[in-house]
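Residue-level listing of the chains:
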Amino acid sequence: MTVRDAGDTVIAGGGTKLAIRDAAVKLFGAKGFEQTSLREVADAVGITKASLYYHYASKLDLLLAIVDPIIDHLRAVTEDIDAVPHDAEGVRAVLRAYLRGMIRHRDAGALCVRDTVAILNVMADRYPDLMNSSRVLREWLAGPDADDVAKLRASAAMEVLGVALLSTELVPGVADSVVERTLLDAATCVLTGCHTA
């Protein structure tokens with residue numbers, strides 16, 4: 001059984017939509033969600049505000065388009081997780097799949113930290129998806145018949161991988177391969193309790 005790693009999807013007319021999303025990520029991350037107008041986003045893309053509204057009905061819809069792929073990725077990782085063997089190789093494969101999604105969506109990291117309230121508001125309908133998928137992953141990582149220590153280690157490992165969302169803020173210019181290798185090793189170490197200097 002292979003661990004699913006949700007990728008980006010391509011849709012008709014997606015070029016403008018993606019450009020709008022990318023401009024919004026940069027502007028929301030730099031100025032804040034509330035302080036950025038849709039006019040500024042449209043100007044950054046080189047389209048009219050009316051064209052932007054064709055693709056996104058509101059600023060909240062645009063923010064949801066930024067956050068949704070992160071939630072969808074987590075759900076995809078956990079979808080068939082029970083079929084993955086809970087051994088060293090299976091655990092590392094699940095951690096890697098989860099981490100790659102965090103790396104792929106790390107452009108939204110600054111936004112997630114800067115505008116937590118806006119993110120929580122826009123995620124209201126998706127929050128149960130996020131919490132359920134997160135719980136499934138934590139429980140699987142902790143292992144069968146997990147004790148309290150294993151549960152804490154699983155939660156801590158997921159937090160370590162979440163650092164990928166902030167990696168461009170913490171270490172500007174860091175290569176994806178460095179982020180993946182470093183955080184995957186750190187999360188694996190947290191799970192297994194290895195001690196390094």
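Residues numbered from 1 in each chain as written. Predicted model: local features only at pLDDT ≥ 70, side-chain atom pairs only at ≥ 80, totals over all residues. Heavy atoms only, no water.

Considerations on the overall build of the protein chain
Move 1: Secondary structure summary: the protein chain contains eleven helices and zero strands in total.
Move 2: What you see in the protein chain, going N to C, is helices and strands ordered as α-α-α-α-α-α-α-α-α-α-α.
Move 3: Relative to a compact globule of 197 residues, whose C-alpha radius of gyration would be 16 Å, the protein chain shows 18 Å and is just as compact.
Move 4: Seen through its principal axes, the protein chain has C-alpha atoms that stretch 55 × 35 × 30 Å.
Move 5: With 197 residues in all, the protein chain has 42% of them scored as buried.
Move 6: Counting every atom, the protein chain has about 10600 Å² of accessible surface; 56% of that belongs to carbon and sulfur. (Helix = DSSP H or I, 4+ residues; strand = E, 2+ residues; numbered from the N terminus. Rg over C-alpha atoms; globule rule 2.2 N^0.38 Å. Buried < 20%, exposed > 50% of the residue type's maximum accessible area, 1.4 Å probe, protein only. Areas by Shrake-Rupley, 256 points an atom, 1.4 Å probe, with all protein chains shown as cover.)

Points about helix α8 (residues 127-142)
Move 1: In a regular helix each residue adds 1.5 Å, so 16 residues correspond to 22 Å; α8 covers 22 Å between its end C-alpha atoms and thus fits that length.
Move 2: Where α8 is concerned, the buried positions are Leu130, Ser133, Ser134, Leu137, Trp140, Leu141 and Ala142.
Move 3: As for α8, its buried residues are in contact with α4 (59-78), α5 (88-104), α9 (148-162) and α11 (176-192).
Move 4: One or two positions beyond α8, positive phi appears at Gly143, with a value near 95°. (Expected span 1.5 Å × (residues − 1). Contact = heavy atoms within 4.5 Å.)

Thoughts on the packing of aromatic side chains
Move 1: What the rule picks out here adds up to one aromatic pair.
Move 2: Look at Phe28 and Phe33: their rings are 5.1 Å apart centre to centre, the planes differ by 75°, and that puts the pair in the edge-to-face class. Across this residue pair, the class does not change: Phe28 and Phe33 are buried.
Move 3: Above the plane of the ring of Tyr56 lies Lys17, whose end atom (NZ or CZ) is 5.2 Å from the centre.
Move 4: A cation over an aromatic ring shows up here: Lys59 above the ring of Phe33, its NZ or CZ 4.7 Å from the ring centre. (Phe/Tyr/Trp six-rings, centres within 6.5 Å; stacked < 30°, edge-to-face > 60°. Lys NZ or Arg CZ within 6 Å of the ring centre and 35° of its normal.)

Comments concerning unusual backbone geometry
Move 1: Backbone geometry at Asp145 places phi at a positive 50°, although glycine is not the residue there.
Move 2: Here Asp145 is to be found in the loop between α8 and α9.

Examining the nonpolar core
Move 1: One finds Phe28, Val41, Leu63 and Leu141 to be the most contacted residues of the largest nonpolar core, which totals 55 residues.
Move 2: Setting aside residues no more than four positions away along its own chain, Leu141 makes contact with His86, Val91, Val94, Leu95, Ala154, Met158 and Leu191. (Core = buried A, V, L, I, M, F, W, Y, C linked by side-chain atoms within 4.5 Å.)

Concerning the state of the cysteines
Move 1: Tallying each qualifying case throughout the model produces one disulfide.
Move 2: Bridging Cys189 to Cys194, the disulfide has an S-S length of 1.8 Å. In this structure the cystine formed by Cys189 and Cys194 twists about its S-S bond by roughly -135°; its chirality is therefore left-handed.
Move 3: Cys189 gets classed as buried once you look at its relative accessible area, which sits at 14%. (Disulfide = S-S within 2.5 Å.)

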